[in-house]
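# An overview of the molecular structure
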Amino acid sequence: VSRSDTCFGVFNASDNQDNAQKSIASPWFSTAFGLIGLCSNLFALCVLLSSSRKLSSQARSSFLIFLCGLVVTDFMGLLVTASVIIPYHFIRFTWAKVDPGCRLCNFLGFSMVFFGQCPLLLGATMAGERFFGINHPFSRSTCTSKRRAWSIVGLVWGFSCLLGLLPVLGLGRYTLQYPSSWCFLTLLPNTGDVIFCLLFALLGIFSVLLSFIFNTVSVVTLCRVYHDRESVQRRRDSEVEMMVQLVGIMIIATICWMPLLIFIVQTVLQQLPARGQIQRLPTETQKMLLIYIRMVTWNQILDPWVYILFRRAVLQRIYPSLRPRPSILSLYP
């Protein structure tokens, strides 16, 4: 099997060319969509940097670093993928001629996996950090330092990078997807493809579920303290603000990502009995995958607005009764 067949053989691009051209969104719409996402993340990054300079709370500072890592990841994800996909919408180039060695396809597939898995892992990391910060404030002698927080973000990036490189190293494949505008992992019943698809999907599902567990316990703890009569005057607005933002990030990730992740698992497991006989994805599978990927792109656009809108400065305008109170440490004897 040639490298060209390996990269471009998931669907028959020539047969679907007319339908594909009609199904692709207008290049101007795609450009506007990408610019909105980039501007949203840039605005959120500016707000984060401005807020971090005014903070004295180390716990809040480390949380902002995780948020900053998330915003940077979303921004770079939109920038990298849009730099390949948007030109296709305008030029309508033929992938096999422009990229016969599949290098561009592999790069785009890697970017889709890397910038897709990072936000899910960062969300779980942030939820875990807040879980221990709220429920076990003295289990750590000091709060997570800025350097340690950036190290954790770097580890998440590194792990996601290794995951994205697996097809380049021989496990699974990145292939051109319908309608010839993007590359992603391959939903075919070949052993390597199945293993890589399950790794990607199950890791994402695990990250979302872990975030849900950590955030649920943290919210229950905060609600219990909030309604404790003895500590009514010492509510933890800073912790509540962080949890509201985390829950918002979790809800967006769940709505945008879970349909795709579940679809990937269902598709590869249902095709297993074929034992590699299926060489091309069914048309309906191609179209459903495209729909779910479009849902995922909303995650990168909505994430920054969670922080922009759910800050105390904004919430205090809606609820003037919210006022600064002592931190979590004042609640423990």
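Please read these numbers as outputs of a predicted model, since none were measured by experiment. (Residues numbered from 1 in each chain as written. Predicted model: local features only at pLDDT ≥ 70, side-chain atom pairs only at ≥ 80, totals over all residues. Heavy atoms only, no water.)

### As for the overall build of the protein chain
- Within the protein chain, the secondary structure is distributed over 11 helices and two strands.
- The contacts in the protein chain between residues at least 6 apart in sequence include a share of 83% that link residues at least 24 apart. (Helix = DSSP H or I, 4+ residues; strand = E, 2+ residues; numbered from the N terminus. Contact = heavy atoms within 4.5 Å.)

### Structural notes on the environment of Pro-189
- Mapped onto the secondary structure, Pro-189 falls in the loop between β2 (182–185) and α8 (191–226).
- Judged by relative accessible area, which is 6%, Pro-189 ranks as buried.
- For Pro-189 and Gln-279, which are 90 residues apart along the polypeptide, the C-alpha to C-alpha distance reads 8.5 Å. (Buried < 20%, exposed > 50% of the residue type's maximum accessible area, 1.4 Å probe, protein only.)

### Here's the deal with the pairing of strand β1 (residues 174–177)
- Bridging between β1 and β2 involves four bridges; their strand directions are antiparallel. The residue bridging Tyr-174 from the neighbouring strand is Leu-185, located in β2.
- What sits between β1 and β2 in their antiparallel hairpin is a turn of four residues, with Ser-180 showing a positive phi close to 70 degrees. (Pairing = 2+ DSSP bridges.)

### Re a nonpolar patch on the surface
- A contiguous nonpolar surface patch, about 410 Å² in accessible area, is contributed by Phe-43, Val-244, Trp-305, Leu-309 and Phe-310.
- With respect to the helices and strands, the residue Phe-43 is situated in helix α3 (residues 27–53). (Patch = residues over 30% accessible without salt bridge, like charges linked within 9 Å, V, L, I, M, F, W, Y side chains within 5 Å. Areas by Shrake-Rupley, 256 points an atom, 1.4 Å probe, with all protein chains shown as cover. Salt bridge = Lys/Arg side-chain N within 4 Å of Asp/Glu carboxyl O.)

### Structural notes on the side chain of Ser-218
- Structurally, Ser-218 can be placed in helix α8.
- Of the residues examined, Ser-218 reaches a relative accessible area of 0% and is grouped as buried.
- Apart from the residues lying within four places of it in its own chain, the contact partners of Ser-218 are Arg-130, Phe-131, Ile-134, Asn-135 and Met-243.

### Digging into the nonpolar core
- If you look at the biggest cluster of nonpolar residues, it comprises 80 residues, and the most contacted ones within it are Trp-95 and Phe-184.
- Among the elements that make up this core, the one with the highest residue count is helix α9 (residues 237–270) (15 residues).
- What Trp-95 contacts, discounting residues up to four positions off in sequence, is Phe-8, Val-84, Tyr-88, Pro-100, Leu-104, Cys-105, Leu-108, Leu-176, Ser-180, Ser-181, Trp-182 and Cys-183. (Core = buried A, V, L, I, M, F, W, Y, C linked by side-chain atoms within 4.5 Å.)

### Some details on the packing of helix α6 (residues 103–135) against helix α7 (residues 146–169)
- Running from amino to carboxyl end, α6 crosses α7 at an angle of 145 degrees, the nearest separation of the two axes being 8 Å. As for how α6 packs across α7, the hand of that crossing is right-handed. For the pair α6 and α7, contact is made by Phe-110, Val-113, Phe-114, Gln-117, Cys-118, Leu-121, Leu-122 and Thr-125 and by Ile-152, Val-153, Val-156, Trp-157, Phe-159, Ser-160, Cys-161, Leu-163, Gly-164 and Leu-165, respectively.
- Taken together, the residues of the contact of α6 with α7 sort by class into 14 nonpolar, four polar and no charged. (Axes fitted to C-alpha atoms, helices over the stretch in contact; angles between N-to-C directions. Left-handed = near helix turned anticlockwise from the far one by under 90°. Nonpolar A, V, L, I, M, F, W, Y, C, P; charged D, E, K, R; others polar.)

### Comments concerning the UniProt feature "transmembrane region" (unreviewed entry) in the protein chain
- The UniProt feature table records "transmembrane region" (unreviewed entry) at residues 28–51, 63–88, 108–128, 149–172, 192–225, 246–269 and 289–310.
- For the annotated span residues 192–225, helix accounts for 100% and strand for 0% of the residues, and the straight-line distance between the end C-alpha atoms is 49 Å. (UniProt positions renumbered as here; feature names shortened; annotations may be inferred.)

### What to know about the state of the cysteines
- Taken as a whole and assessed by the stated rule, the structure comprises one disulfide.
- Residue Cys-105 pairs covalently with Cys-183 via a disulfide, S to S 2.1 Å. Handedness here is read from the sign of the S-S torsion; for Cys-105 and Cys-183, about -115 degrees, the answer is left-handed. Residue Cys-105 is found in helix α6, and its partner Cys-183 is found in strand β2; the two are separated by 78 residues along the sequence.
- Classification of Cys-183 as buried rests on a relative accessible area of 0%. (Disulfide = S-S within 2.5 Å.)

### Topic: the packing of aromatic side chains
- Per the counting criterion, the structure on display carries 11 aromatic pairs.
- Seen in terms of ring centroids, Phe-110 and Phe-114 are 5.7 Å apart; in terms of plane orientation they differ by 15 degrees. Their pairing is stacked. Taken together, the residues Phe-110 and Phe-114, both in helix α6 and four residues apart, mark about one turn of the helix.
- By relative accessible area, which is 16% here, Phe-110 ends up buried. (Phe/Tyr/Trp six-rings, centres within 6.5 Å; stacked < 30°, edge-to-face > 60°.)

### What about unusual backbone geometry?
- Of the consecutive residues Tyr-178 and Pro-179, the connecting peptide bond is found in the cis state with omega at 0 degrees.
- Relative to the helices and strands, Pro-179 resides in the loop between β1 and β2.

### Some words on the side chain of Gln-300
- Relative to the helices and strands, Gln-300 is located in helix α10 (residues 283–309).
- The residues touching Gln-300, leaving out its near neighbours within four places in the chain, are Asn-41, Asp-74, Gly-77, Leu-78 and Phe-115.

### Focus on α6
- For α6, with 33 residues, the first-to-last C-alpha span of 47 Å sits near the 48 Å given by 1.5 Å per residue.
- Across the 33 residues that make up α6, a large majority, 28, are buried. (Expected span 1.5 Å × (residues − 1).)

### Points about the environment of Phe-263
- When you line up the elements, Phe-263 lands in helix α9.
- Using a relative accessible area of 11% as the deciding quantity, one classes Phe-263 as buried.
- Measuring from C-alpha to C-alpha, the distance between Phe-263 and Met-288 comes to 8.6 Å, with 25 residues separating the pair along the chain.
- Apart from the residues within four sequence positions on either side, Phe-263 is in contact with Leu-187, Thr-285, Met-288, Leu-289 and Tyr-292.

### A closer look at the environment of Tyr-174
- Structurally, Tyr-174 is set in strand β1.
- Each C-alpha atom of the pair Tyr-174 and Cys-102 lies 8.8 Å from the other, and the pair is 72 residues apart in sequence.
- The residues touching Tyr-174, leaving out its near neighbours within four places in the chain, are Cys-7, Cys-105, Asn-106, Gly-109, Phe-110, Val-113, Gly-164, Pro-167, Phe-184, Leu-185, Thr-186 and Phe-196.
- A distance of 2.6 Å separates a polar side-chain atom of Tyr-174 from the backbone oxygen of Gly-164. (Polar contact = N/O pair within 3.5 Å; in protein donor to acceptor, adjacent residues only side chain to side chain.)

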